[in-house]
Protein chains: 2
Amino acid sequence: MAMRRSALSSGPEKRSPATASKRASTRAQVDQAVRTRLLTGRFIPGKSVTIRGLAADLGVSPMPVREVLQRLSAENVLEVKSNGRVQVPSMTPARFDEVLTARLLLEPELAVLALPSLSAADADALTEIDDDIDVRLSNGDAESYLRLNHAFHFAMYRASGSEVLLPLIDSLWLQFSPFMRTVYGRVGTANLVDQHKAAIAAIRDGNASALRAAIRADIQDGMGLLGREILSSKPPA
Amino acid sequence: MAMRRSALSSGPEKRSPATASKRASTRAQVDQAVRTRLLTGRFIPGKSVTIRGLAADLGVSPMPVREVLQRLSAENVLEVKSNGRVQVPSMTPARFDEVLTARLLLEPELAVLALPSLSAADADALTEIDDDIDVRLSNGDAESYLRLNHAFHFAMYRASGSEVLLPLIDSLWLQFSPFMRTVYGRVGTANLVDQHKAAIAAIRDGNASALRAAIRADIQDGMGLLGREILSSKPPA
DNA sequence: CTTTCCAGAAAGTGATCACATTTTTGCCAA
DNA sequence: TTGGCAAAAATGTGATCACTTTCTGGAAAG
């Protein structure tokens, strides 16, 4: 294996004991790094994640990693096996159906709740993200698609100022993203469709029912159709 | 303050270093203990929870407590202030509305998903819990009511074998239970109504739409009416 | 060539320490 | 009595160690 030092922070490695330093705890950095990896599918379902291994990978001590893995386990994002080992859970048909159900129940609702707070400027920002998505899709860049699709949805959702629904949806995305990455890697991204433009139009019109329908359809298009099919063929995943 | 040693495990206190001992990790025990306290309202909203303090209270070392607090923070159950201190969050009107919305979206759905797995024996068990609830309500025993109401709902939900929706709902209950305890303590439990009997009837009939309606109404009755009113009068809570 | 078993490595868990920061307390002066 | 200020206590965070359990790989036996 090639030399890889400190996937976290490219700066000079000074870390005196217990130096909370620059107002960003090491745990928060590790947490962000792991979440990003999950959301962009850089953690494959079934992959086992070890404290010391990830700590070495990120160039930090085991303690912050240990706490982050606890957090993600509690969020139902990582799975703790009976022997204590932690891994990215494999997707099952039952699990997939539940995630889809939960998304369809929660996300259209939160989008509608966010609607009053979404300005024309927000709609412009969403359009910019969506244009970027179109480019990535045609290029087959699955990882960037995942990242931007997440950015699109959460730019909407965050506008709601939600304190309860948003964390729930956050957990859901962390749960399905690793699996969807494998799906997109298998079937490609070229024929992926979404309802982002319909959603943006609904936002500009301030049309709640249209926005609800768009988000619902978007989830079905991006996740429902493909994933269900994949799971029928390959058992665990 | 009176002497209080080890609220956890009344047995002889032997704990050699790193003895995973009797197949129940200390962390799991602490986790269960804290969750029970939250669900029965023994943690008051606004109460600050410290690692060392809780560890001393439970008679364990700080490490397991530290991990449990991380888990509950990640689940949006405990709040981490900007200074790192952890506390049971105060309920706000916005937060309350969101919890109620999320409950109404998720719980009726999961109940219906559980319906096919609910046998006549399960209905009998639910009836037994509900009878117990009636006794506690007339006695004004708010803490037992919280515990049994939780038991009633989750006896249903668990039958679904859910891996995704159930953890989400779990998080919601941990979020609103401390607040509801203060509500019941203020208005009493005598005039509390629920739809448990309607739910049990729907289960015995295998009637999905009736069950969905019963759960929805039960949530409105037990939480919606009272809580909204209380929040109008006292600001934080 | 396959199976069994044992030694070494790897991994999670709990304990303890050190340190920076924040909070609390108690005292002194106005 | 009250206001502020400094000392002390409390708290979260990171690091490190010890120990148990589990996993892995290879050697020996069939």
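What you see is a predicted model, and the numbers here were worked out from it, not measured in a lab.

### Side note on the overall build of chain A
Assigned secondary structure in chain A consists of nine helices and three strands. For chain A, the succession of helices and strands along the chain, N to C, is α-β-α-α-β-β-α-α-α-α-α-α. For chain A, the residues scored as buried account for 49% of the 237 residues in total. Counting only contacts in chain A whose residues sit at least 6 apart along the sequence, the fraction spanning at least 24 positions is 74%. Carbon and sulfur atoms make up 52% of the accessible area of chain A, which totals about 11,000 Å².

### Quick notes on the confidence of the model for chain A
Detailed reading of predicted coordinates is not advised where the pLDDT is low. Residue and element names in this part refer to chain A. For chain A, mean pLDDT is 90; residues scoring 70 or higher make up 89% of the total. The model gives residues 1-5 a pLDDT under 50, and that stretch makes two contacts with residues more than four places away or in other chains. In this model, residues 10-22 is a region of pLDDT below 50 whose contacts with residues beyond four sequence positions or in other chains number six contacts.

### Notes on helix α5 (residues 120-139) of chain B
Residues and elements named next belong to chain B. Over its 20 residues, α5 runs 29 Å from end to end, which matches the ideal 28 Å to within 8%, given 1.5 Å per residue. Buried residues belonging to α5 abut α6 (142-158) and α8 (196-205). By the N-cap criterion, in which a side-chain oxygen at the helix start approaches the backbone nitrogen of a residue two or three places on, α5 is capped by Ser119, the distance to Ala121 being 3.3 Å. Looking one or two residues past α5, Gly140 carries a phi angle of roughly 75 degrees, positive in sign.

### Looking at the relation of the copies chain B and chain A
For the pair chain B and chain A, the best superposition has an RMSD of 0.0 Å and corresponds to a rotation of 180 degrees with a translation of 0.0 Å parallel to the axis. Seen this way, the second copy is the image of the first under a two-fold rotation axis. No C-alpha of chain B lies nearer the rotation axis than that of Arg71 of chain B, which sits 2.3 Å from it.

### Points about the pattern of salt bridges
Across all of its chains, the model carries 26 salt bridges over all chains by this definition. Here Arg27 of chain A ties to Glu67 of chain A by a salt bridge, and the two come within 2.9 Å at their closest N and O atoms. Remark: Glu67 of chain A occurs in helix α3 (residues 62-74) and Arg27 of chain A occurs in helix α1 (residues 26-39); sequence separation between them is 40 residues. Note on Glu67 of chain A: relative accessible area 7%, which makes it buried. Measuring nitrogen to oxygen at the nearest pair gives 2.2 Å for the salt bridge that ties Arg35 of chain B to Glu75 of chain B.

### Observations regarding the protein's contact with DNA strand C
What surrounds DNA strand C is a group of 21 residues, the closest being Arg66 of chain A together with Thr26, Arg27, Ser61 and Asn83 of chain B. Of what DNA strand C places within 4 Å of the protein, 62% of the atoms are sugar or phosphate. Ile51 of chain A places a polar main-chain atom, nitrogen or oxygen, 3.0 Å from a phosphate oxygen of DNA strand C. The separation between a phosphate oxygen of DNA strand C and a polar side-chain atom of Arg27 of chain B is 2.6 Å. Counting only elements with at least two residues in the surface near DNA strand C, the list comes to α2 (51-58) and α3 of chain A together with α1 (26-39) and α3 (62-74) of chain B. The residue makeup of the surface near DNA strand C, split by class, is six nonpolar, seven polar and eight charged.

### Here's the deal with the environment of Met223 of chain B
Residue and element names in this part refer to chain B. Relative to the helices and strands, Met223 is located in helix α9 (residues 208-233). Under the relative-accessibility criterion, Met223 is labelled buried at 1%. As for Met223 and Val99, which are separated by 124 residues in sequence, their C-alpha atoms are 9.9 Å apart. Discounting residues that sit within four places of it in the chain, Met223 has contacts with Phe96, Val99, Leu100, Arg103, Phe176, Met180 and Arg228.

### Digging into the sheet that holds strand β2 (residues 79-80) of chain B
Read across the open sheet, the three strands follow the order β1-β3-β2 (chain B); overall the sheet is antiparallel. Across the chains shown, the open sheet's two edge strands, defined by having one partner strand only, are β1 (48-49) and β2 of chain B.

### Some remarks on α8 of chain B
Residues and elements named next belong to chain B. What α8 keeps buried is the set His196, Ala199, Ile200, Ala202 and Ile203. One side of α8 holds all its buried residues, which, seen down the axis, span an arc of 160 degrees. Phi turns positive one or two residues past the end of α8, at Gly206, with a value near 65 degrees.

### Some points on the packing of aromatic side chains
How two aromatic rings sit relative to each other is given by the distance of their centres and the angle of their planes. All names here are of chain A. In this structure the tally under the stated criterion is 10 aromatic pairs over all chains. An angle of 50 degrees between the planes, with centres 5.0 Å apart, marks the rings of Trp173 and Phe176 as tilted. Of this pair, Trp173 and Phe176 both sit in helix α7 (residues 165-187), three residues apart, which is roughly one turn of that helix. Take Trp173: its relative accessible area is 3%, and that puts it in the buried class. Residue classification places Phe176 among the buried positions, given a relative accessible area of 4%. An aromatic cluster is present here, built from Phe154, Tyr157, Trp173 and Phe176 joined pairwise through their rings.

### Regarding the protein's contact with DNA strand D
What surrounds DNA strand D is a group of 21 residues, the closest being Thr26, Arg27, Ser61 and Asn83 of chain A together with Arg66 of chain B. For DNA strand D, the fraction of atoms within 4 Å of the protein that belong to sugar or phosphate moieties is 57%. Thr26 of chain A places a main-chain nitrogen or oxygen 2.7 Å from a phosphate oxygen of DNA strand D. Arg27 of chain A places a side-chain nitrogen or oxygen 2.7 Å from a phosphate oxygen of DNA strand D. Looking at the surface near DNA strand D, the elements with two or more residues in it are α1 and α3 of chain A together with α2 (51-58) and α3 of chain B. For the surface near DNA strand D, a count of residues per class yields seven nonpolar, seven polar and seven charged.

### Things to note about the packing of α3 of chain A against α3 of chain B
Close contact between α3 of chain A and α3 of chain B brings their axes to 8 Å; oriented N to C, the two are set at 50 degrees. Viewed along their axes, α3 of chain A and α3 of chain B adopt a mutual orientation that is oblique. Crossing handedness for the pair α3 of chain A and α3 of chain B: right-handed. Contacts from Met63, Arg66, Glu67, Gln70, Arg71, Ser73 and Ala74 of chain A in α3 of chain A reach Met63, Arg66, Glu67, Gln70, Arg71, Ser73 and Ala74 of chain B in α3 of chain B. Each residue belonging to the contact of α3 of chain A with α3 of chain B can be placed in one class, and the counts come to four nonpolar, four polar and six charged.

Conventions used here
- Counting of residues starts from 1 at the beginning of each chain's written sequence and follows it residue by residue.
- Whichever chain is written first is A, and whichever ligand is written first is 1; the rest continue in order.
- This being a predicted model, a pLDDT of at least 70 is required before a residue's local features are given, and a value of 80 or more before pairs of side-chain atoms are given or counted; all residues contribute to the totals for chains, interfaces and linings.
- Working from all heavy atoms in the structure, the side-chain values ignore hydrogens and water.
- Per the convention used, a helix needs a DSSP run of H or I reaching at least four residues, while a strand needs a run of E reaching at least two, with both numbered from the N terminus.
- Buried means the residue's accessible area, taken with a 1.4 Å probe over protein chains only, is under 20% of the maximum for its type, while exposed means over 50%, and partly exposed covers the values in between.
- Residues are treated as being in contact if the distance between any of their heavy atoms lies within 4.5 Å.
- With residues, only the protein chains shown are counted as cover, and all accessible areas are computed by Shrake-Rupley using a 1.4 Å probe.
- Confidence of the prediction at every residue is given by pLDDT, a number between 0 and 100.
- Expected helix span is given by 1.5 Å per residue-to-residue step, counting one fewer step than there are residues.
- Definition of a polar contact: a pair of N or O atoms within 3.5 Å, with one able to donate and the other able to accept a hydrogen when the atoms are protein atoms, and with sequence-neighbouring residues admitted only if both atoms are side-chain atoms.
- Copy-to-copy superposition: least squares on the C-alpha atoms, limited to residues that have pLDDT of at least 70 in both copies.
- Salt bridges are identified by distance alone: a Lys or Arg side-chain nitrogen within 4 Å of an Asp or Glu carboxyl oxygen.
- The near set for a molecule or strand comprises every residue that places at least one heavy atom within 4 Å of it.
- All residues other than Ala, Val, Leu, Ile, Met, Phe, Trp, Tyr, Cys, Pro, Asp, Glu, Lys and Arg, Gly among them, are scored as polar; the first ten of these are nonpolar and the last four charged.
- Strand pairing follows a simple DSSP-based rule, namely that at least 2 bridges must link the two strands.
- The directions considered for the arc are those from the helix axis to the C-beta atoms.
- Here a Phe, Tyr or Trp ring, Trp counted by its six-membered ring, pairs with any other such ring whose centre lies within 6.5 Å, and the pair is stacked when the planes are under 30 degrees apart, edge-to-face when over 60, and tilted otherwise.
- Throughout, an axis means a line fitted to C-alpha atoms (over the contacting stretch in the case of helices), and angles, computed between N-to-C directions, take values from 0 to 180 degrees.
- With respect to orientation, any angle under 35 degrees is reported as roughly parallel, any angle over 145 as roughly antiparallel, any angle of 65 to 115 as roughly perpendicular, and every other angle as oblique.
- Definitions for this section: a left-handed crossing has its near helix turned counterclockwise from the far helix by less than a right angle. A right-handed crossing has that turn clockwise.

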